[in-house]
Amino acid sequence: MDLDGVLAEIRAQVEPSIGRGAVADYIPGLASVDPHQFAMTVAMNDGAVHSIGDSDVRFSVQSISKVFTLALVMARDSNDVWQRVGREPSGSPFNSLLQLDQEAGIPRNPFINAGALVVTDRLHRLTGDARSALCDLVRTESGVPEIGGDEAVARSESERGHRIAAMAHLLASYDNLECPVDEVLEQYFWQCSLSMSCRELALAGGWLARNGFRAHGSRLLSLSQTKRLNAVMLTCGTYDAAGEFAYRVGVPAKSGVGGGILAVIPGVCTICVWSPALGPSGNSTAGVAALDLFTTLTGWSIF
Ligand code: GLU
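Quick caveat, the model's predicted, so the values are computed rather than measured.

Q: I'd like a rundown of the overall build of the protein, residues and numbers included.
A: Of the regular secondary structure elements, the protein holds 12 helices and eight strands. Expected size for 303 residues packed as a compact globule is a radius of gyration near 19 Å; at 18 Å, the protein falls within 12% of this value. Seen through its principal axes, the protein has C-alpha atoms that stretch 55 × 40 × 35 Å. Burial analysis of the protein (303 residues in total) assigns 58% to the buried set. If you sum the accessible surface of the protein, you get close to 11800 Å²; carbon and sulfur atoms cover 49% of it. Each charge class in the protein was averaged separately, 23 positive and 32 negative side chains, and the resulting centres sit 4 Å apart.

In structure tokens, the structure reads:
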């Protein structure tokens, strides 16, 4: 497969979609990002890496971080976390307080905000420092020790994060947080502010395509846990548009409001695409179009 040719074809075809939509200005630290950027990296299981566009430019990973925190919890806690968070698509906005209250403080899935707070809380309790556990994982897997959070983005989200703070308090009122609310929020905002490039993210998530094996050969997750995590990404990873995304693209993926999407072709490769302008469901417009083209041009998908 001529992947450099495929990426060049994608870049040409997605041109009209780049910049279409709006950047996530509800987080002040993201409001000034140039929406006309585009990058895509394919990290093959055999170690080859193919990129196009601004693939070394770092962006705010936001919700993509939730895949890594969930994996770290699953690796330590096996099935226990599923007593505290569900595995169904939410069918509601990712920041819904109403659904959380109606469902007695058990978030629908680990990728909506409330579910991610529970996962971060668990990771923080299990490790004593969720931030370091997450940093160690992405740094080791990508081979880039400088990766870290963007304090300005984290602070700006924290200052405007009244809704998510309300959500954390609601979870606590249902006894679904183990750590103090303020600590969980601080950890959560920091994890969302993680700043990584397409190349770094595609490499950092390689274990998703390698049946749970880390870059240096040890296991992060078992075969079965990796299958389950990929399944949750497929059904819940792209906000309220997960059905449409599965229909168009046909692979597990997790998007973030920074405009990134991390996608997995199990047994083959991970793909990270980034373009900051978001469509109405919160997924990168050009990113979804690029992944749609990728699975169409290569014939690679899980179906
Ligand atoms: N930090 C963002 C929030 O909590 C993450 C949203 C996202 O990327 O889905 O609203």
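Q: Talk me through the site of the ligand; I want residue IDs and the actual numbers.
A: Taken together, 13 residues sit near the ligand, with Y26, Q62, S63, E157 and Y239 positioned nearest. In the environment of the ligand, an oxygen atom lies 3.4 Å from a nitrogen or oxygen atom belonging to the side chain of N113. A distance of 2.6 Å separates an oxygen atom of the ligand from a polar atom in the side chain of Y188. Here the ligand has 290 Å² of accessible area as a free molecule, and 98% of this is covered by the chains. When the residues that make up the shell around the ligand are grouped by side-chain class, the tally is eight nonpolar, four polar and one charged.

Q: Explain the packing of aromatic side chains to me, using residue names and the numbers behind them.
A: This structure, assessed with the given rule, holds five aromatic pairs. Ring geometry for F68 versus W207: centroids 6.0 Å apart, planes at 75°, classification edge-to-face. Highlighted residues: F68 in helix α2 (residues 65-77) and W207 in the loop between α9 (198-204) and α10 (223-236), separated in sequence by 139 residues. With respect to burial, F68 and W207 carry one shared label: buried. Aromatic side chains F294 and W300 sit 5.9 Å apart centroid to centroid with 70° between the ring planes, which places their arrangement in the edge-to-face category. Look at F294 and you get buried, because its relative accessible area is 0%. In this structure, R219 is placed above the aromatic ring of F213, and the distance from its NZ or CZ to the ring centre is 4.0 Å. Looking at K254, its charged tip hangs above the ring of Y239, at a distance of 4.6 Å from the centre.

Q: For the environment of A166, give the residues involved together with the corresponding values.
A: You can see A166 is positioned in helix α7 (residues 162-173). Taking C-alpha positions, A166 is 8.0 Å from L97, a pair spaced 69 residues apart along the chain.

Q: So, the sheet that holds strand β5 (residues 194-196): which residues are in play, and what are the values?
A: One open sheet holds the three strands; their spatial order is β3-β5-β4, and the pairing between them is antiparallel. A strand with exactly one partner marks an edge of an open sheet, and here the two such strands are β3 (59-60) and β4 (148-149). Looking at chain direction, β3 and β5 are connected through two bridges and run antiparallel. Opposite S60, over in β5, you have S195 as the bridge partner.

Q: Residue-level account of the pairing of strand β2 (residues 49-53), with values.
A: The pairing of strand β1 (residues 39-44) with β2 spans five bridges and is antiparallel. Within β2, the position partnered with A43 by the bridge is V49. Hairpin connection, β1 to β2: the antiparallel pair is bridged by four residues, and G47 has positive phi, about 100°.

Q: So what about the sheet that holds strand β8 (residues 269-274)? Which residues, and what values?
A: Sheet architecture is open: five strands sit in the order β2-β1-β8-β7-β6, paired in antiparallel fashion. Of all the strands in the sheet, just β2 and β6 (253-255) have a single pairing partner and so form its edges. Recorded for the sheet is a direction-independent mean angle of 10° between the axes of neighbouring strands.

Thresholds, definitions, all that
Residues numbered from 1 in each chain as written. Predicted model: local features only at pLDDT ≥ 70, side-chain atom pairs only at ≥ 80, totals over all residues. Heavy atoms only, no water. Helix = DSSP H or I, 4+ residues; strand = E, 2+ residues; numbered from the N terminus. Rg over C-alpha atoms; globule rule 2.2 N^0.38 Å. Buried < 20%, exposed > 50% of the residue type's maximum accessible area, 1.4 Å probe, protein only. Areas by Shrake-Rupley, 256 points an atom, 1.4 Å probe, with all protein chains shown as cover. Lys, Arg positive; Asp, Glu negative; His and termini not counted. Charge placed at Lys NZ, Arg CZ, Asp CG, Glu CD. Near = heavy atom within 4 Å. Polar contact = N/O pair within 3.5 Å; in protein donor to acceptor, adjacent residues only side chain to side chain. Nonpolar A, V, L, I, M, F, W, Y, C, P; charged D, E, K, R; others polar. Phe/Tyr/Trp six-rings, centres within 6.5 Å; stacked < 30°, edge-to-face > 60°. Lys NZ or Arg CZ within 6 Å of the ring centre and 35° of its normal. Pairing = 2+ DSSP bridges. Axes fitted to C-alpha atoms, helices over the stretch in contact; angles between N-to-C directions.

The values are spatial; any link to function lies outside them.
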